[in-house]
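# What the coordinates show
Now for the letters of each chain:
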Amino acid sequence: MADPSSYRPKPGQIPDSPGVYKFRDEHRRVIYVGKAKNLRQRLANYFQDLAGLHPRTRTMVTTAASVEWTVVSTEVEALQLEYSWIKEFDPRFNVKYRDDKSYPYLAVTLNEEFPRVQVMRGAKKKGVRYFGPYGHAWAIRETVDLMLRVFPVRTCSAGVFKNAERTGRPCLLGYIGKCSAPCVGRVTPEEHRDLAEDFCDFMAGRTGTYIRRLEKDMMQAAEEMEYERAARLRDDAEALKRAMEKSAVVLADATDADLIAVAEDELEAAVQIFHVRGGRVRGQRGWVTDKVEAVDTAGLVEHALQQLYGEETGDSVPKEVLVPALPEDPDAVSQWLAGRRGSQVSLRIPQRGDKKDLMGTVQRNAQQALGLHKTKRASDLTTRSRALEEIAEALGLDTAPLRVECFDISHLQGDDVVASMVVFEDGLARKSEYRRFQIKGFEGQDDVRSMHEVIGRRFKRYLQEKERTGEWEDTPASTGPVPAPGGPAPEASAPGDRAPGLPAPGGDRGPDVPAPDVPAPDVPVSGGTGGIGETGRTGEPGPGTVAPAAQDPVPVREEPREDDGRPKRFAYPPQLVVVDGGQPQVAAAKRALDELGIDDIAVCGLAKRLEEVWVPDDDDPVVLPRSSEGLYLLQRIRDEAHRFAITYQRAKRAKRIRSSPLDDVPGLGETRKQALIKHFGSVKKLRQATIDEICEVPGIGRRTAESVAAAFAAAAPAAPAVNTATGEIIEEDDGGSRT
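Residues numbered from 1 in each chain as written. Predicted model: local features only at pLDDT ≥ 70, side-chain atom pairs only at ≥ 80, totals over all residues. Heavy atoms only, no water.

## Points about the sheet that holds strand β5 (residues 105-108)
Sheet strands associate in pairs through backbone hydrogen bonding, adopting either a parallel or an antiparallel arrangement. In space, the three strands of this open sheet follow the order β6-β5-β7, with antiparallel pairing throughout. Unpaired on one side and paired on the other, β6 (117-120) and β7 (129-131) mark the two borders of the sheet. If you compare each strand with its neighbour and ignore which way they point, the axes differ by 35 degrees on average. Strand contacts of helix α7 (residues 189-203): β5, β6 and β7, with the helix running at about 150 degrees to β5, the strand carrying the most contacts. (Pairing = 2+ DSSP bridges. Helix = DSSP H or I, 4+ residues; strand = E, 2+ residues; numbered from the N terminus. Axes fitted to C-alpha atoms, helices over the stretch in contact; angles between N-to-C directions. Contact = heavy atoms within 4.5 Å.)

Okay, here's the thing in structure tokens:
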């Protein structure tokens, strides 16, 4: 590891003009290329205290052994030179987008005497007009097949063309009218080139002219009673319309624009591009990249623009480029794009209307691409095995953690505090064992205390299960009391009795989650909002739960069951507990396990900001390599715990907002509740009604009326809610909630 001070230039040696710099390692290989408006200021940032640098930047400067720079006259020249050097040297610490596949283009070889329409991939060639990219080659062939009726351009290979010239007979397309057969002289080279240019004009979005011309010729042929020709022209016009329908109209003003969206996490980023020509989506492509340098969304956008337009010229660079964030120097990038196009290019963020809506669609595509990339990486058996081995090695575990449990806390400014527990076995989510917790020990916002409570509650249930199965004697808790987290130790219990301080059988339920009489099968819950299916707690019907009778038979792994027939909820201990957070949350989780006498379960935490792994009793985090499969797996587990927690928290908050004093009236069901609302018109009027007036409602007796009046008297009227967008007071709706 090199000391950056050993190769730091003297401040007076570095110019303060625009330029491009490159770091080299001890073998003279270029490892990073960057540009700057002011070289002196930019390079000084790399030679500050290492503790203040971003971890990726710190790795780069300690790997480098020298730095060089080249002065340029303008920032646009710096952008061009930076792109050229990145392409030439392929530096390991620069963001490099890689295509997730080789996209096919519709190409017209205008550089040939008889232009040819074909599907092409790979590097673009000079003199060839490209349209796309397309998601699939068959989509191109379907479009071309429709358009050859109107523009019978050559599509055959050079060998077929020469053979037809030699024999004097065209191919099948020449006989059925889908090729003008220039090979046998039916059209001159000039006439065939005109057809090819008309084909290109139509593909470029200038469609109205050709359809109107065909319809005009059709009407003229019909007037002249040339009905067969009129029918053929009608079919030609319909073919062009069907070809147009294959690319949906997304912008009504016939805009030519490229829309770029970025989805990212701490380790990777996915970029999606929609190519809109003539108001229609003519192509789509995407990249995925490792974030090997400290880069934000604006930097990712700038790298994407360089990758996308670095080799393009003319109309391949659109008039308008819409991005989610502007680069650091948008004027310089706009000038560079204008130089590539040969005319002005607008680089901006869409603010409203159809363009903003379309940008949202591109953003969703980018998020799905990133999720799919991570899922593919995690689904491979060999990859999962390697990930578990890397985690075991990094944390000093004796064996790979085949069962991992991850906990996360979620709340909204201290209200509706909940927690989640997700389970991964063999690197895959085991959704039937996901659990949800309500924080009951205190009120307010304290993630560390909440984590302590949740870990304690979960593992007290684990010790209870060990007692029930006769394993209690082998645990440290068998010789003494099991202390409750944060409280005094309970008294010792007699053998066979439930240990004091442990919750009763039936699960760690919150006050508003009743225990069902019949447990639901271990099946995923439908209707979740996350990208991965959500599962409620076993035996707990919740929002979106499918009733057992409606389920198809699904194979369920045989599990030990309790005496009452319910599956054991917390009987299986994990080899590793992961908490979402840093050193404080890890310490709280470890303290909860120590208080219960559990010392054979490893604990770690994953901090979001830098993706550092924290372990108990260690002031320094464990830093896994960025390319580590173990880090990817930990990140995926943490993200799933966060998703599951925030989904439950939002559902709980929505339930609280929709609550009404009528919910607390015993014996008042939904039917009679609606009858009350219908009779009085609103909850506000019902609150003002007397007991005698309430008794007038059919089905409401005096005792129930007294209970309703008492419920409203006990519930103080809430302050009126105000719509912050319009300023109007929100009245209570017919269901007793505000709307």
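There is more to say, and it comes next.
## Let's talk about the sheet that holds strand β3 (residues 66-71)
Spatial ordering of the open sheet is given by β2-β1-β3, a layout of three strands whose pairing is antiparallel. This sheet does not close on itself; its edge strands, each paired only once, are β2 (30-36) and β3. Neighbouring strand axes in the sheet, compared pairwise and without regard to direction, differ in orientation by 20 degrees on average. Across six bridges, the pairing between strand β1 (residues 19-24) and β2 is antiparallel. Each residue of the ladder has a partner; that of Val20, found in β2, is Lys35.

## Some thoughts on helix α1 (residues 39-46)
Every buried residue belonging to α1 is among Leu39, Leu43 and Tyr46, and all of these are buried. Taken end-on, α1 shows its buried residues confined to a sector of 40 degrees, consistent with a single buried face. In the core, the buried residues of α1 are packed alongside β1, β2, α2 (55-63) and β3. A distance of 3.1 Å separates the backbone nitrogen of Arg40 from a side-chain oxygen at the start of α1, and that oxygen is part of Asn38. (Buried < 20%, exposed > 50% of the residue type's maximum accessible area, 1.4 Å probe, protein only. Arc of directions from axis to C-beta. Polar contact = N/O pair within 3.5 Å; in protein donor to acceptor, adjacent residues only side chain to side chain.)

## Some thoughts on the packing of aromatic side chains
Using the criterion set out here, one finds 12 aromatic pairs in the structure. Taking 6.3 Å as the distance between ring centres and 45 degrees as the angle between the ring planes, the aromatic pair formed by Tyr21 and Tyr32 counts as tilted. Of this pair, Tyr21 sits in strand β1 while Tyr32 is found in strand β2, placing the two residues 11 residues apart along the sequence. Judged by relative accessible area, Tyr32 falls into the buried class, the value being 10%. With centroids separated by 6.4 Å and ring planes inclined at 65 degrees, the aromatic side chains of Trp85 and Phe89 adopt a geometry described as edge-to-face. Of this pair, Trp85 and Phe89 both sit in helix α3 (residues 75-89), four residues apart, roughly one helical turn. Residue Phe89 is classed as partly exposed on the basis of its relative accessible area of 29%. One aromatic cluster is present, built from ring pairs that chain together Tyr7, Tyr21, Phe23, Tyr32, Tyr46 and Phe47. The positively charged end of Arg154 is found above the aromatic ring belonging to Phe161, 4.7 Å away from the centroid. (Phe/Tyr/Trp six-rings, centres within 6.5 Å; stacked < 30°, edge-to-face > 60°. Lys NZ or Arg CZ within 6 Å of the ring centre and 35° of its normal.)

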